[in-house]
Amino acid sequence: MQTELSRSLGITYPIIQGGMAWVAEHHLAAAVSEAGGLGLIGAANAPADWVREQIREAKKLTEKPFGVNIMLMSPHADEVAKVVVEEGVKVVTTGAGNPEKYMEQWKDAKIKVIPVVASVALAKRMERSGADAVVAEGCESGGHIGESTTMTLVPQVADAVQIPVIAAGGIADGRGIAAALMLGAKGVQMGTCFVVTDESQVHDNYKERILKAKDIDTKVTGRSTGHPIRTLRNEMTKKYMELEMQGASFEELEYLTLGGLRKAVVDGDVKNGSVMAGQIAGMVRERMSCQDLIQKLVRETDALMKGVASYE
Ligand code: TUI
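All of these numbers come straight from a predicted model, not from anything done at the bench. (Residues numbered from 1 in each chain as written. Predicted model: local features only at pLDDT ≥ 70, side-chain atom pairs only at ≥ 80, totals over all residues. Heavy atoms only, no water.)

Enquirer: Can you break down the site of the ligand residue by residue, with the values?
Expert: Surveying the vicinity of the ligand reveals 15 residues, the closest of which are Met71, Ala96, Val116, Glu137 and His144. Here a nitrogen atom of the ligand sits 3.1 Å away from a polar atom, N or O, in the side chain of Glu137. A distance of 2.9 Å is found between a nitrogen atom of the ligand and a backbone nitrogen or oxygen belonging to His144. For the ligand, the protein covers 76% of the area, taking 710 Å² as the surface of the free molecule. Its residues assigned to classes, the shell around the ligand comprises eight nonpolar, six polar and one charged. (Near = heavy atom within 4 Å. Polar contact = N/O pair within 3.5 Å; in protein donor to acceptor, adjacent residues only side chain to side chain. Areas by Shrake-Rupley, 256 points an atom, 1.4 Å probe, with all protein chains shown as cover. Nonpolar A, V, L, I, M, F, W, Y, C, P; charged D, E, K, R; others polar.)

Enquirer: Give me the side chain of Asn69: which residues, what numbers.
Expert: The topology assignment puts Asn69 in strand S3 (residues 67-71). What makes Asn69 buried here is its relative accessible area of 10%. Excluding its chain neighbours within four sequence positions, the residues that come into contact with Asn69 are Gly19, Leu40, Ile41, Gly42, Ala43, Ala44, Thr93, Thr94 and Gly95. (Helix = DSSP H or I, 4+ residues; strand = E, 2+ residues; numbered from the N terminus. Buried < 20%, exposed > 50% of the residue type's maximum accessible area, 1.4 Å probe, protein only. Contact = heavy atoms within 4.5 Å.)

Enquirer: Got a sec to walk through the packing of helix H3 (residues 48-61) against helix H4 (residues 77-86)? Specific residues and values, please.
Expert: It is at 9 Å that the axes of H3 and H4 come closest, and there the two elements cross at 25 degrees. Judged by the angle between their axes, H3 and H4 are roughly parallel. Both H3 and H4 take part in a crossing whose hand is right-handed. Here H3 contributes Ala48, Val51, Arg52 and Ile55 to the contact with H4, which in turn contributes Glu79, Val80, Val83 and Glu86. Tallied by class, residues from the contact of H3 with H4 come to five nonpolar, no polar and three charged. (Axes fitted to C-alpha atoms, helices over the stretch in contact; angles between N-to-C directions. Parallel < 35°, antiparallel > 145°, perpendicular 65-115°, else oblique. Left-handed = near helix turned anticlockwise from the far one by under 90°.)

Enquirer: Now, about the sheet that holds strand S7 (residues 143-144): what can you tell me, with residues and values included?
Expert: In space, the three strands of this open sheet follow the order S7-S11-S10, with antiparallel pairing throughout. Edge positions in the sheet fall to S7 and strand S10 (218-221), since each of these pairs with one other strand and no more. In terms of strand pairing, S7 meets strand S11 (residues 229-232) through two bridges, oriented antiparallel. Along S11, the bridge assignment pairs His144 with Ile229. (Pairing = 2+ DSSP bridges.)

Enquirer: Please give an account of the layout of surface pockets that cites residues and values.
Expert: If you roll a probe as big as a water molecule over the atoms, it shows you where there is empty space left. Each pocket or cavity is described by its volume, and for the second largest pocket that value is around 180 Å³. What lines the second largest pocket is simply Glu140, Thr150, Met151, Gly169, Gly170, Ile171, Arg175, Gly176, Ala179, Ala180 and Leu183. Elements represented by at least two residues in the lining of the second largest pocket include exactly helix H7 (150-160) and helix H8 (174-182). The element contributing the most residues to the lining of the second largest pocket is H8, with four residues. Within the lining of the second largest pocket, the residues separate by chemical class into five nonpolar, four polar and two charged. (1 Å grid on protein atoms, 1.4 Å probe; cavity = no way out; pocket = protein on both sides within 12 Å on 5 of 7 lines; lining within 4 Å. Points joined across faces, edges and corners; volume = space filled by probe spheres on them.)

Enquirer: If you had to explain the pairing of S3 to someone new, which residues and values would you point to?
Expert: Of all five residues making up S3, four are buried, and the element is well covered by its neighbours. Sheet topology note: the strand S2 (residues 40-42)/S3 ladder contains three bridges and is parallel. By the bridge assignment, Leu40 is partnered in S3 with Gly67. For the crossover from S2 across H3 to S3, the handedness is right-handed. Pairing of S3 with strand S4 (residues 91-95) involves five bridges; the strand directions are parallel. Within S4, the residue paired with Asn69 across the bridge is Thr93. After leaving S3, the chain enters H4 and then returns to the sheet as S4, a path that is right-handed. (Right-handed = clockwise from strand over helix to strand, strands pointing away.)

The following block contains the structure:
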């Protein structure tokens, strides 16, 4: 399953674990990298010192490359951008914004830079700024999302840029990976299926909600505030929709989703917290180790790719 992407990143399989806020910490990232994929530490809104510590802890668990995802709306983004250079991180992905102002310092440090984009325009701009690849993330994803679906975004981004495209959003098995490769992707990024792995440190209640989710169980809050966030439906999403109808303030609405992520991940309050998950949650049915998950994904993808010459 080697592609130009896996070769350039020095990983065995072109499978990246999403840099999920509060979820993607060093145990998970190291386990994914050890299993042959690329693990990411999600810096989210965390202070730079926390990110530095996570990088150092991950290095104790794996000698393989891993990366850091920088959430560009974070008040700590500038500092975190320096920490990844100082700590010799191999790969940086970015989300929820345009990372242009950091590009030079990262390229100078020989970091592979992979912005997450939700549009062709940003993908082209990132290529011009020197990005090594882009993640084209469809709105099937959990968390902060754009407008386009994976099915429509990935081939349009693949046509628009020369650098490798990584597909994200709605992928959780070999069929999804093979489909992404057919759309022109050279790799995939997956989030929801890694949340339920043995090495993921999220509260058991969170894992159970994903494992029991049905196909239509996610909701998108914040379309009106300009910060659309996909989560599993619960009391929080119900309250959000009610408040939104009543014309609640931006701050009040934001607090409900973003402040609630910690509540769900750490405290296990999956009723009132923000249980971010993608639309593919309905298909995520089993708990297993990162090693077993990645081996299963590779087996399934291999079997499908070998049969692509047939319509049967
Ligand atoms: O970033 C994500 N997913 C996320 S981030 C998050 S935590 C959060 N905290 C505070 C505020 C908002 C979120 C939970 N989930 N995915 C990557 C992603 N990036 N999806 C969409 C985008 C995106 C959207 C618009 C990237 C760039 C963009 O426009 C940038 C520009 O300036 O043109």
